[in-house]
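# Coordinates in review
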Amino acid sequence: MTIENLSSNKSFGGWHKQYRHTSSLLHCSMRFAIFLPPQTSDGTKVPVVYWLSGLTCTDENFMQKAAAQRVAAELGIAIVAPDTSPRGEGVADDEGYDLGKGAGFYVNATQAPWNRHYQMYDYVVRELPALIESTFPVSEKRAVAGHSMGGHGALTIALRNPDRYQSVSAFSPISNPSNCPWGKKAFTAYLGENRQQWRDYDASILMREAIQKVPSLVDQGEDDDFLLEQLKPEALEAAAKTSDYPLELRRQQGYDHSYYFIASFIEDHLRFHADYLKV
């Protein structure tokens, strides 16, 4: 697969690079960013944390605002940040910010017109890692993390693929999308009215029924404007208690939904992943 380098910036001895490639799965051009720590300069392969961003975001939000590169460089961890949805002319969209472009919800859409392009689950789990691992000096040791809609994506992907990921973490995840306005709107459009089809993309349901376990860290700001109506961390806590899931959910007083919150605790998350990636 051919990829095009769009930008390169040296950072903490490593490199932040942005690329574009044609996705055969999504039927459009996709952009992603990668941070390669200095340990890769001699070809040494390092583990990867895949970061999934939230509604309206692109690959740029995390890389520019989270201040993750210093710790990733120290730990010898690569970070890959894909876009949040398919883009381009001919890709289905909606007037709302919470559906369509920028709002792929990391599902495989089954309903027209979304099903032609919106296969973000398979893109993140299969196509993108195959491209990353065949192009860059990274190993097959993976972790996944994300924020808000991306936190939902990270949790569901890890829960459904416990053999592919060593650990998972999330900031302010949409924990029970089957029962919140954002999730209901997206799932109805992408997956249809049959709520049974929604279960594969609801972290609280998946965690309650989980047999195999992935170490999990979640941070939730107590002053998050979306806490009660959209995020519902209490559903995730209850699910973890039911299945004895290894979830650490921390409630952080005074923090909101912004990247100020993420930047405050991203070091904790990267060190958490490093323990399980054994770097």
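Residues numbered from 1 in each chain as written. Predicted model: local features only at pLDDT ≥ 70, side-chain atom pairs only at ≥ 80, totals over all residues. Heavy atoms only, no water.

A few words on the layout of surface pockets. The computed volume of the largest pocket comes to approximately 190 Å³. Around the largest pocket sit 13 residues that line it, and L55, T56, C57, H147 and H257 are the ones nearest its centre. Of the residues assigned to the lining of the largest pocket, the class counts are six nonpolar, six polar and one charged. (1 Å grid on protein atoms, 1.4 Å probe; cavity = no way out; pocket = protein on both sides within 12 Å on 5 of 7 lines; lining within 4 Å. Points joined across faces, edges and corners; volume = space filled by probe spheres on them. Nonpolar A, V, L, I, M, F, W, Y, C, P; charged D, E, K, R; others polar.)

Once that is clear, we can look at the nonpolar core. Counting 67 residues, the largest nonpolar core has F105, I132 and Y190 as its most contacted members. The greatest single-element share of this core, amounting to eight residues, is contributed by helix α3 (residues 120–135). (Core = buried A, V, L, I, M, F, W, Y, C linked by side-chain atoms within 4.5 Å. Buried < 20%, exposed > 50% of the residue type's maximum accessible area, 1.4 Å probe, protein only. Helix = DSSP H or I, 4+ residues; strand = E, 2+ residues; numbered from the N terminus.)

Moving on to the environment of P47. Positionally, P47 belongs in strand β4 (residues 46–52). Exposure remark for P47: the relative accessible area of 6% places this residue in the buried category. Through-space distance from the C-alpha of P47 to that of G13 is 17 Å; in sequence the pair is 34 residues apart.

Let's shift gears to the packing of aromatic side chains. What the rule picks out here adds up to 18 aromatic pairs. Relative to Y118, the ring of W114 lies with its centre 5.3 Å away and its plane at 80°, an arrangement referred to as edge-to-face. Relative accessible area serves as the criterion here: at 8%, W114 is assigned to the buried category. Aromatic rings pair up to connect W51, F62, F171, Y255, F261 and F265 into one cluster. Above the ring of Y121, the side-chain terminus of R160 is found at 4.2 Å from the ring centroid. Sitting above the plane of the Y201 ring, R160 keeps its charged end 5.0 Å from the centroid. (Phe/Tyr/Trp six-rings, centres within 6.5 Å; stacked < 30°, edge-to-face > 60°. Lys NZ or Arg CZ within 6 Å of the ring centre and 35° of its normal.)

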